[in-house]
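For reference, the chains in residue letters:
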Amino acid sequence: FKETMSRHSGVTVQYHYETEPFETERKLLRVLEKRLKRRLAREQRSKEEQRKGRQGVPTVGIVGYTNVGKTSLMNALTGSDLRERDLFFETLDTTFRRLRLPSGGGAIVAG
């Protein structure tokens, strides 16, 4: 009967005398599944908090063809310092910035 303890996963590994086939693999999968579920729950809570902060604030989306200046427009509107480069598909991730309107209100610009 030979056992070792994996430090990273916290799972006891039985080499030759497992009582059931794939017992170790199942345990490893349960540990990884639990870890992923915790990480997903933490991410969902974070997103919910962000959503609550944006509730009731109008959102404006900047859309258009690639390499036409959407990032430049967003920088000009919001005073941001987003990286602008003359390359195709340079900014693929959606970015949110707060915009102060002349009426004193605010909006969120997504681009």
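This text goes with the structure placed above it.
Predicted, not measured: the structure shown is a model, and the values here were computed from it.

Draft legend 1. Structural view of the sheet that holds strand 5 (residues 106-110). The strand order 3-5-4 describes an open sheet built from 3 strands, whose pairing is mixed. Two strands lie at the open edges of the sheet, namely strand 3 (59-61) and strand 4 (96-100), each paired on one side alone. Averaged over all pairs of adjacent strands, the angle between strand axes in this sheet comes to 30°, irrespective of strand direction. With 3 bridges joining them, strand 3 and strand 5 adopt parallel strand pairing. When the sheet's bridge partners are listed, glycine 61 is paired in strand 5 with alanine 110. In the packing of helix 2 (residues 70-78) onto the sheet, contacts are made with strand 4 and strand 5, and the angle to strand 4 comes to roughly 40°.

Draft legend 2. Layout of the pattern of salt bridges. A full pass over the atoms with the stated rule returns 3 salt bridges. The partner of lysine 52 in a salt bridge is glutamate 49, with the nearest N and O atoms 3.8 Å apart. With lysine 52 and glutamate 49 both in helix 1 (residues 23-54) and 3 residues apart, the pair spans about one turn of that helix. The class for lysine 52 is partly exposed, based on a relative accessible area of 48%.

The rules behind the values
- Residues numbered from 1 in each chain as written.
- Predicted model: local features only at pLDDT ≥ 70, side-chain atom pairs only at ≥ 80, totals over all residues.
- Heavy atoms only, no water.
- Pairing = 2+ DSSP bridges.
- Helix = DSSP H or I, 4+ residues; strand = E, 2+ residues; numbered from the N terminus.
- Axes fitted to C-alpha atoms, helices over the stretch in contact; angles between N-to-C directions.
- Contact = heavy atoms within 4.5 Å.
- Salt bridge = Lys/Arg side-chain N within 4 Å of Asp/Glu carboxyl O.
- Buried < 20%, exposed > 50% of the residue type's maximum accessible area, 1.4 Å probe, protein only.

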